[in-house]
Amino acid sequence: MPKKILIVYYSKTGHTKKMAEAIAKGCRKVENVEVTLKRVEDTTNRDLLEADAIILGSPSYFRLPAWPIKKFIDESIEIYGKLKGKVGGMFSSAGEEKGAKKCIQGLREMLEEHGMKIIGEGVYAVESPDEKETEACEKFGEMIARTLAEGS
Ligand SMILES: Cc1cc2nc3c(=O)[nH]c(=O)nc-3n(C[C@H](O)[C@H](O)[C@H](O)COP(=O)(O)O)c2cc1C
C-alpha cells in the first residue's frame, strides 16, 4: 500500500499555492507514495485521518497562520488524539523572512499539539517563491516522502 501524503494550504494571492505545488512535485519523485494537494477550504477531518503525512502551509498574517488555517485546525478538535504519530511538515510565504519563520512556528505548534512527528524545520518563501525557494520546496517534499516511504 502506498503511503499517503496530504498537502493542505491556504493561499489568497497564489504564493503559498506555488509552494504547495513545488512540494508535491518533490514528493512525487519518491516511489510508493500517493500525494494529494488540497485547498484548506476543501479539506475535511476525514482527509486528515486518511493521510500518513500532513504538510500544512499558510501565508503569514500578522506573523501567524492565516485564519482559514486556524479555523480548520480548531475544527480538527473533533479528531483530537487520532493524528498522533503521523508525519508532519510546514511551509509559509510572507512579505519578509521573519514573518514566515514565525508563521512556521505557529503551524508547528498546531501539528505538535496533535501529537504529530515533525520532519525538518519547514520551508518558506518571501512573497512568490523564486527559483531557489522553489527548489527548496521540492527538496523538502522529497525529504518528507523519502522519510515516510523508508519508514514503511
Ligand atoms: C492580512 C495580511 C497580513 C499580513 N501579515 C504579514 C506579516 O505579519 N508578516 C509578513 O512578513 N507578511 C505579512 N503579510 C504578507 C503575506 O504573508 C504575503 O504577501 C504572502 O506571500 C501571501 O501569500 P499568498 O499569496 O499565498 O496569499 C500579510 C498579508 C496580509 C494580507
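As the structure is a computational prediction, the values presented were derived from the model and not from experiment. (Residues numbered from 1 in each chain as written. Predicted model: local features only at pLDDT ≥ 70, side-chain atom pairs only at ≥ 80, totals over all residues.)

Novice: Go over the overall build of the chain with me, naming the residues and quoting the values.
Specialist: Scanning the chain from N- to C-terminus turns up 5 helices and 7 strands. Mapped in sequence order, the helices and strands of the chain form the string β-α-β-α-β-β-α-β-α-β-β-α. When the backbone C-alpha atoms are referred to their principal axes, the chain occupies close to 40 × 35 × 25 Å. Within the chain, counting contacts between residues at least 6 apart in sequence, those at least 24 apart form 80% of the total. (Helix = DSSP H or I, 4+ residues; strand = E, 2+ residues; numbered from the N terminus. Contact = placed C-beta atoms within 7 Å.)

Novice: Give a detailed account of helix 1 (residues 15-27), specifying residues and quantitative values.
Specialist: A rise of 1.5 Å per residue sets the reference length of helix 1, with its 13 residues, at 18 Å; its end C-alpha atoms lie 19 Å apart and thus fit the reference within 8%. Here the buried face of helix 1 lies against strand 1 (3-9), strand 2 (33-39), strand 3 (53-61), strand 5 (87-94), strand 7 (123-126) and helix 5 (131-150). (Expected span 1.5 Å × (residues − 1).)

Novice: Provide a residue-level description of the nonpolar core, including the pertinent values.
Specialist: With 45 residues, the main nonpolar core has I5, I7, I23, I54, I55 and I144 as its most contacted residues. Ignoring any residue separated from it by four or fewer positions in sequence, one finds I7 in contact with A20, I23, A24, V35, L37 and I55. (Core = buried A, V, L, I, M, F, W, Y, C linked by C-beta atoms within 7 Å. Buried ≥ 20, exposed ≤ 12 C-beta atoms within 10 Å, placed from the backbone.)

Novice: Before we move on, can you summarise the site of the ligand with the specific residues and values?
Specialist: Surveying the vicinity of the ligand reveals 18 residues, the closest of which are H15, T16, P59, G95 and G99. For the shell around the ligand, the elements supplying multiple residues, two or more each, are helix 1, strand 3 and strand 5. In terms of residue class, the shell around the ligand is built from 4 nonpolar, 9 polar and 5 charged. (Near = placed C-beta within 6 Å. Nonpolar A, V, L, I, M, F, W, Y, C, P; charged D, E, K, R; others polar.)

Novice: Summarise the pairing of strand 3; cite the residues concerned and give the values.
Specialist: On any regular strand, side chains alternate: one points to one face of the sheet, the next to the other face. In terms of burial, strand 3 is a largely internal element, 8 of the 9 residues being buried. In terms of strand pairing, strand 1 meets strand 3 through 5 bridges, oriented parallel. Across the sheet, residue L6 finds its bridge partner in strand 3, namely I54. With 7 bridges joining them, strand 3 and strand 5 adopt parallel strand pairing. Bridge pairing in strand 5 places P59 opposite S93. Pairing analysis gives 2 bridges linking strand 3 to strand 4 (residues 64-65), with the strands arranged antiparallel. Within strand 4, the residue paired with S60 across the bridge is P65. Between strand 3 and strand 4, which pair antiparallel and follow one another directly, the connecting turn spans 2 residues, one of which, F62, has a positive phi of 50°. (Pairing = 2+ DSSP bridges.)

Novice: Break down the environment of E97 for me, with residues and values.
Specialist: As for its position among the elements, E97 is in helix 4 (residues 97-113). Linking E97 and P65, residues 32 residues apart in sequence, is a C-alpha distance of 14 Å. Once you skip the residues sitting within four places of it in the chain, E97 turns out to touch Y124 and V126.

Novice: How would you sum up the environment of K132? Please name residues and give values.
Specialist: In this structure, K132 sits in helix 5. In this structure K132 comes out as exposed when scored by C-beta crowding, with 9 C-beta atoms within 10 Å. Separated by 87 residues in sequence, K132 and N45 have C-alpha atoms that sit 33 Å apart.

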